[in-house]
Amino acid sequence: MSENYNISSSPHVRDKVTSSNIMLMVTIALLPATFFGIYNFGMPALINIVLTTATAVLAEFVYEKLMHKDITIGDFSAVVTGLLLALNLPPTLPYWMGPLGAVFAIIVVKQLFGGLGQNFMNPALAARCFLLISFTGKMTYFVYDGVTGATPLASLKAGEAVNTMDMLLGTTAGTIGETSVIAIMVGAIFLLLMGVIDLRIPGTYIVTFVVFITIFGGHGIDAQYITAHLCGGGLMLGAWFMATDYVTSPITKKGQIVYGICLGCLTGLFRLFGGSAEGVSYAIIFSNLLVPLIERVTLPKPFGKGGEK
Amino acid sequence: MGLLTFKGGIHPDDGKSLAKDQAIVEIMPKGDLVYPLSQHIGAPAKPTVAVGDYVLKGQKIAEAGGFVSAPIYASVSGTVKALEPHFNPTGSKVPCIVIENDGAYTEVEYPESKPFNLMTKDEVMSRIADAGVVGMGGAGFPTRVKLSPKEPDKIEYIIANCAECEPYITADYRRMLENTKELVSGMRVVLSLFDNAKGIFGVEDNKKDCISVLEEAIKDEPRMSVKTLQTKYPQGAERQLIFATTGRAINSTMLPADAGCVVDNVETLVTIHNAVIKGRPSMERVVTVSGDAVANPGNFKVLFGMNQAEVVEAAGGFKTQPQKVISGGPMMGFSMFTLDTPITKTSSSILGFTEDVVAKLKPSACINCGRCVEVCPSRIIPSRLADFAERHDEDSFTKQNGLECVECGSCSYVCPAKRQLKQSIGSMRKIALANRKK
């Protein structure tokens, strides 16, 4: 009889879900928005997406190689970061800027803080904000159908009329992946069905935002105005794909609700009273900073505590 | 209204179809019988025999070493061969009594049994204590202690743990089907100790046949009822079971009695029946032998002390070389490096798996996905607590309720980063609990 059976601590069975298949599912969920972006904006969008995503993966590989760490590019998290960043860039961006942002996202925001799971801000959004501050002109320059134009949200802020049907479909100016609400929702529904994300954060975010702009937007309950706000400015991309980033959102269920409320209020605040028309990116990275605090005050009550004894 | 249950939990592959339909087969030991002195929680038993003594089946060979302890009985007739350390199923070398089986199974003459309805509560209790009955679901808590709460009048529910939520194990399932009468009789015995209590059989809804035979068996028992529970792991964890059946929630500082409950599992209740009604001590139990490496998975009635390798042989041995052999269920059982270890009062199963799925997994960084929080029946934050444990930050661990963990392993099961959450939390808990007692 063999005497060398394996020993390990229980449990001796495990669920099949791994971090890499979760990240892979997120990547797949981003594809509809990616393909729509390429269709909508053509070759420059494709090149930006490929370069930015590839650079993110490469940056992770090179850094880990140099630091003699385990190579973790197989977990797809760098792919998600690169792709998300690319989807948040204007299609006309010079081709070196996206990769620069990707390097910033992976090295500065993610790896310097300890790699996967340790970053306190969403790397893709932090990089977007870094680019936005460094290259404001290029980052806010939008061309659609050969015509330089404002994004629908900027037009809305300027008091002009917008076509909400175009915004739903995505045939407007904007960043590569933010324009088509339909494409984003296809991916989001996929993630919801696969159990990768739930409604807690995006649901509270969107509801809170709607309430906020209804009260403070000066238009009251104006369906056209609210729809335009919801469909514009990357709110959908942000709510479904970036606010739901596991690492930078609260782990407690109540905390996720609080986080969603913070996001909704901040986005509304930045959009209505801030300098620029958009505000999703700043709202999310600002709320990322609040996460440790939110978690501290929303520690769940354990089973049976507060009983008779 | 949905089925009774608790918040959290997981749905692992149950693997029960392997052994579910195999009726209980009684098997006899060939080699020596080994009885660890500590098969229960509490003080080890004290041997009452010496090397060379001839003992009969059913004779006491070790007496309780204190109030929280239990005596041990010989399960065969034969000669005491040694008092020496042996490996127990959890891998420690512990003092044991070794008996050479003479194959005659000559049994002691049990004293004439008094009819149950004439017994006083004290007599019932002393029979249970004398028989060495302990919780046979895995914890091994002496039943006598469990049945002696400070205020017996405040006990309102006796809950029979018929959940058997661990994958693969079907021993309780077979007992419920084949020994329904003994199970109900065990419940009747326990109810006789508590005047204000009602008996509840909590059965998961994947055991519909058990539910119907139990309902049939208790139709003339006004104090008993069967409750159907949602099939979910860890439905059979004591606190979760109490919550599902009575809606009462207890924490780590409370005992079931604080919520007016006493919980006993199926095997324990059958053993209580044997002890009180038949006057026979705790000497045997049903053990499931299963897993993909086992040739003929089944359920066996096994005498305590029998070598586990012999039990596996009774199931046709291994058809493939197993990488992992587990005593107990795959969620909370112990992996054994050898089968040269005895069946004890708490050995509910032996599982052999061709492949050790855990060995291949490489833990990676936590991605904060919250799946562990979602499934945790104790509603704590396993990933955070494991971090505290790994940094040996006992203060934060205790403050964030690490002691409330029931070590069910659901967090490790779902973790996509394959972290050993339960292991880290469990190790820290041992230290923190020891400090709490100080």
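Since we're looking at a predicted model, the values are computed, not measured.

A. The arrangement of the overall build of chain B in detail. The secondary structure content of chain B amounts to 13 helices and 17 strands. A compact globule built from 438 residues would reach a C-alpha radius of gyration of about 22 Å, and chain B, at 21 Å, matches this within 12%. In terms of overall dimensions, chain B has C-alpha extents of about 65 × 50 × 45 Å along its principal axes. Considering chain B as a whole, with its 438 residues, one finds that 56% of them fall into the buried category. A separation threshold of at least 6 residues defines the contact pool for chain B, and within that pool the share at least 24 residues apart is 73%.

B. Inspection of the overall build of chain A at higher detail. The helix and strand tally for chain A stands at 14 helices and 2 strands. Relative to its length of 309 residues, chain A is compact, with a C-alpha radius of gyration of 21 Å against a globular reference of 19 Å. The buried share of chain A, reckoned over its 309 residues, is 51%.

C. Spatial organisation of the domain arrangement of chain B. Residue and element names in this part refer to chain B. As far as domains go, chain B holds domain 1 (1-28 + 107-358) and domain 2 (371-437). Inter-centroid distance (C-alpha atoms) of domain 1 to domain 2 is 27 Å. Contact with domain 1, which involves 14 residues of that partner, is made by 13 residues of domain 2. When the residues that make up the side of domain 1 that touches domain 2 are grouped by side-chain class, the tally is 8 nonpolar, 5 polar and 1 charged.

D. Representation of the environment of Ala283 of chain A within the structure. Residue and element names in this part refer to chain A. With respect to the helices and strands, the residue Ala283 is situated in helix H14 (residues 280-297). C-alpha of Ala283 to C-alpha of Ile257: the two residues are 26 residues apart in sequence and 15 Å apart in space. Residues within four places of Ala283 in sequence aside, it is in contact with Leu263, Leu266, Thr267 and Phe270.

E. Inspection of the nonpolar core at higher detail. Grouped together as the largest cluster of nonpolar side chains are 212 residues, with contacts concentrated most on Val26, Leu85, Ala105 and Ala127 of chain A together with Ile159, Val287 and Val311 of chain B. When residues of this core are assigned to their parent elements, the largest contribution, 10 residues, is made by helix H1 (residues 19-41) of chain A. Each of domain 1 (1-28 + 107-358) and domain 2 (371-437) of chain B contributes no fewer than three residues to this core. Contacts of Val311 of chain B, omitting those with residues within four sequence positions, involve Ile27, Val287, Val289, Phe300, Val302, Met306, Ile343 and Ile350 of chain B.

F. Geometry of helix H10 (residues 200-216) of chain A. Residue and element names in this part refer to chain A. Across its 17 residues, H10 extends 24 Å between first and last C-alpha, which sits within 8% of the 24 Å expected from 1.5 Å per residue. Every buried residue belonging to H10 is among Ile201, Pro202, Thr204, Tyr205, Ile206, Thr208, Phe209, Phe212 and Ile213, and all of these are buried. Lining the buried residues of H10 we find helix H11 (223-231), helix H12 (235-242) and helix H13 (253-273). Gly218 lies just past H10 and shows a positive phi near 80°.

About the thresholds
Residues numbered from 1 in each chain as written. Chains lettered and ligands numbered in written order. Predicted model: local features only at pLDDT ≥ 70, side-chain atom pairs only at ≥ 80, totals over all residues. Helix = DSSP H or I, 4+ residues; strand = E, 2+ residues; numbered from the N terminus. Rg over C-alpha atoms; globule rule 2.2 N^0.38 Å. Buried ≥ 20, exposed ≤ 12 C-beta atoms within 10 Å, placed from the backbone. Contact = placed C-beta atoms within 7 Å. Domains from an automatic or database assignment. Nonpolar A, V, L, I, M, F, W, Y, C, P; charged D, E, K, R; others polar. Core = buried A, V, L, I, M, F, W, Y, C linked by C-beta atoms within 7 Å. Expected span 1.5 Å × (residues − 1).

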